[in-house]
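Spelled out from the first residue to the last, the chains are:
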Amino acid sequence: MRVLYNISLSLIWLIIKAYSLFDKKTKLFVELRKNQKIISKENVVLFHCSSLGEYESIKYFIRIYKEKNKNSSIFLSAFSPSLQHHNIDSNLIDCFFYLPIDLSKNAKKIISLINPKKVFFVKKEIWFNYIFEISKRNIPLYLISGKFKKKDIIFSSNWMINHLKMFDFIFTNDHESNDVLKSKNINNYIFSGDTRFDSISSNNKDNINLKRINDFCGDKDIIVFGSVYKEDLRIIEDFITKNNSYKYLIAFHNDCKKNSEIIKKYDYVKYSDNSQNKANIMIIDEFGILKNLYEFAKIVYVGGGFNKGVHNILEPIFFGNPVLFGPRFKNFNEAKKAIRLGIAIPVSNKNEFEVSVEKFKNFDRTKSREYFKSNLGATNNIMLELEKQKNEK
């Protein structure tokens, strides 16, 4: 099976390189893996995550781990170009690189080069050759924020399932994942909770000057539209036209800033301008500040629910906001739970959006805050288990 897996990945890699000649994103994916400088350090602990979002979800855990293991050198690898050097906290990370594609020869080369003392994978980053190579060398291997469903492809063969058994511990996000693993005779799991809650709580303690936003908002109620696509804008455009009692902060998804064209018929200002225009709409054209805008909101709409799936709803919930989003949320447990708790409503059209905004006008913000607070502690749970394991050796 491993031979077939390597052949398949080799073919996929050839296709990716060929496609990179015609596609900018794919070209970046390939180019970032060329001529990487991976330094040599003592006591390396490797964290591997897929993307910027996954890095953000474990950043607080890495910080706490570093504080308690000061002699460790923290290496971070990524799969997606969404995570780049400028996103990395250089006070935490000693070396950052992009993980070469999961071929046996690459796994042997990388693990031999960095010689990690521990390895942490995050969420769905299950790379079979790396797992096999790490396990073969008896290097402690952990999965953080593991999340599994019965239909996951990893459960389609015993060969794949056996790689999950190679982890020393799988720290799960939810009890459903525990049940799924147990049903597959995988017993090296423990419920820890979702590290995103800890990271969001920690990140939002940063002191960021948002005077420009504060001046724009004045004394009006604010609706924040975060990570929106053009499909999201279509259900809010009538509301923005009719309701001058609110002001609106609109932040587009990274790849969708061009969609500001859709609202050119409205009067708006940009965050980057110093314009004194009295418009009710501000377009947020600076990357990285969205999470701080939610503090100003009365109601938040999170985009993505008309595309691949709703984006991060936990950041606005941290500030006590009620949240609206589109209909594609079924794969997100936090969205389903927020709906059950009455702190979120899915909307499919203009009318549902308007009705839901009215419903949340007098929202009790303690409901969102209590939900968020009840989910803190995953980092501490994992650290306690690691310490317990260390003491048992």
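Quick caveat: nothing in here was measured; it's all calculated off a predicted structure. Starting afresh in each chain, residues are numbered from 1 along the sequence in its written order. In keeping with the model being predicted, local features are shown solely for residues with a pLDDT of at least 70 and side-chain atom pairs are shown and tallied solely at 80 or more, while totals for entire chains, interfaces and linings include all residues. Side-chain calculation: all heavy atoms of the structure are included, whereas hydrogens and water are not.

(A) Representation of the sheet that holds strand 9 (residues 246-252) in the model. The parallel open sheet is built from 7 strands, whose spatial order is 10-11-9-8-12-13-14. Both outer strands of the open sheet, strand 10 (268-270) and strand 14 (344-346), are each paired with one neighbouring strand and no more. The mean angle between the axes of side-by-side strands here comes to 20°, regardless of whether they run parallel or antiparallel. The rule for pairing is simple: two strands pair if DSSP sees at least two bridges between them. Each helix is a run of DSSP H or I of at least 4 residues and each strand a run of E of at least 2, with the numbering of both proceeding from the N terminus. Direction of pairing for strand 13 (residues 323-325) relative to strand 14: parallel, over a ladder of 3 bridges. Here the axes come from fitting lines to C-alpha atoms, over the contacting stretch only for helices, and the angles between their N-to-C directions go from 0 to 180 degrees.

(B) Examining the packing of helix 1 (residues 2-19) against helix 2 (residues 24-31) more closely. It is the contact of helix 1 with helix 2, at a shortest axis distance of 8 Å, that shows an interaxial angle of 120°. Taken together, the axis directions place helix 1 and helix 2 in an arrangement best described as oblique. Crossing of helix 1 over helix 2 shows left-handed handedness. Between helix 1 and helix 2, the residues in contact are W13, I16, K17 and Y19 and T26, F29 and V30, respectively. In terms of residue class, the contact of helix 1 with helix 2 is built from 5 nonpolar, 1 polar and 1 charged. Here the angle decides the label: under 35 degrees means roughly parallel, over 145 means roughly antiparallel, 65 to 115 means roughly perpendicular, and every other value means oblique. Whether a crossing is left-handed or right-handed is set by the direction in which the near helix is turned from the far one by less than a right angle, anticlockwise for left-handed and clockwise for right-handed. Any two residues having at least one pair of non-hydrogen atoms within 4.5 Å are treated as being in contact. Each residue gets one of three labels, nonpolar for Ala, Val, Leu, Ile, Met, Phe, Trp, Tyr, Cys and Pro, charged for Asp, Glu, Lys and Arg, and polar for the others, Gly among them.

(C) Expanded view of the pattern of salt bridges. Salt bridges, as used here, are contacts in which a Lys or Arg side-chain nitrogen is within 4 Å of a carboxyl oxygen on Asp or Glu. For the structure shown, the criterion picks out 14 salt bridges. Between D194 and R196 there is a salt bridge whose closest N-O contact spans 2.7 Å. Here D194 and R196 have matching classes, each one buried. Among the charged side chains, a network of salt bridges with common partners joins E133, K136 and R137. Type-normalised accessible area, obtained with a 1.4 Å probe on protein chains alone, sets the label of each residue: buried when under 20%, exposed when over 50%, and partly exposed for intermediate values.

(D) Quick look at the pairing of strand 2 (residues 73-78). Taking burial as the measure, the 6 residues of strand 2 include 6 buried ones, the bulk of the element. The alternating pattern of strand 2 places S73, F75 and S77 on one face and I74, L76 and A78 on the opposite face, and all of these are buried. Taken together, the 6 bridges between strand 1 (residues 44-49) and strand 2 define a ladder with parallel strand orientation. Each bridged residue has a counterpart across the sheet, and for L46 the counterpart in strand 2 is F75.

(E) Structural view of the environment of F296. Relative to the helices and strands, F296 resides in the loop between helix 11 (290-293) and strand 12 (299-302). For F296 and I62, which are 234 residues apart along the polypeptide, the C-alpha to C-alpha distance reads 29 Å. Ignoring anything within four residues of it in the chain, the contact list for F296 reads L210, I213, N214, C217 and I222.

(F) Inspection of the sheet that holds strand 1 at higher detail. Taking strand neighbours across the sheet as the criterion, the 7 strands line up as 3-2-1-4-5-6-7 in an open arrangement whose pairing is parallel. Two strands lie at the open edges of the sheet, namely strand 3 (95-98) and strand 7 (189-191), each paired on one side alone. Mean inter-strand twist for the sheet, computed between neighbouring axes without regard to direction, equals 20°. Summarising the sheet, strand 4 (residues 118-122) and strand 5 (residues 141-146) pair through 4 bridges and their orientation is parallel. By the bridge assignment, F121 is partnered in strand 5 with L143.

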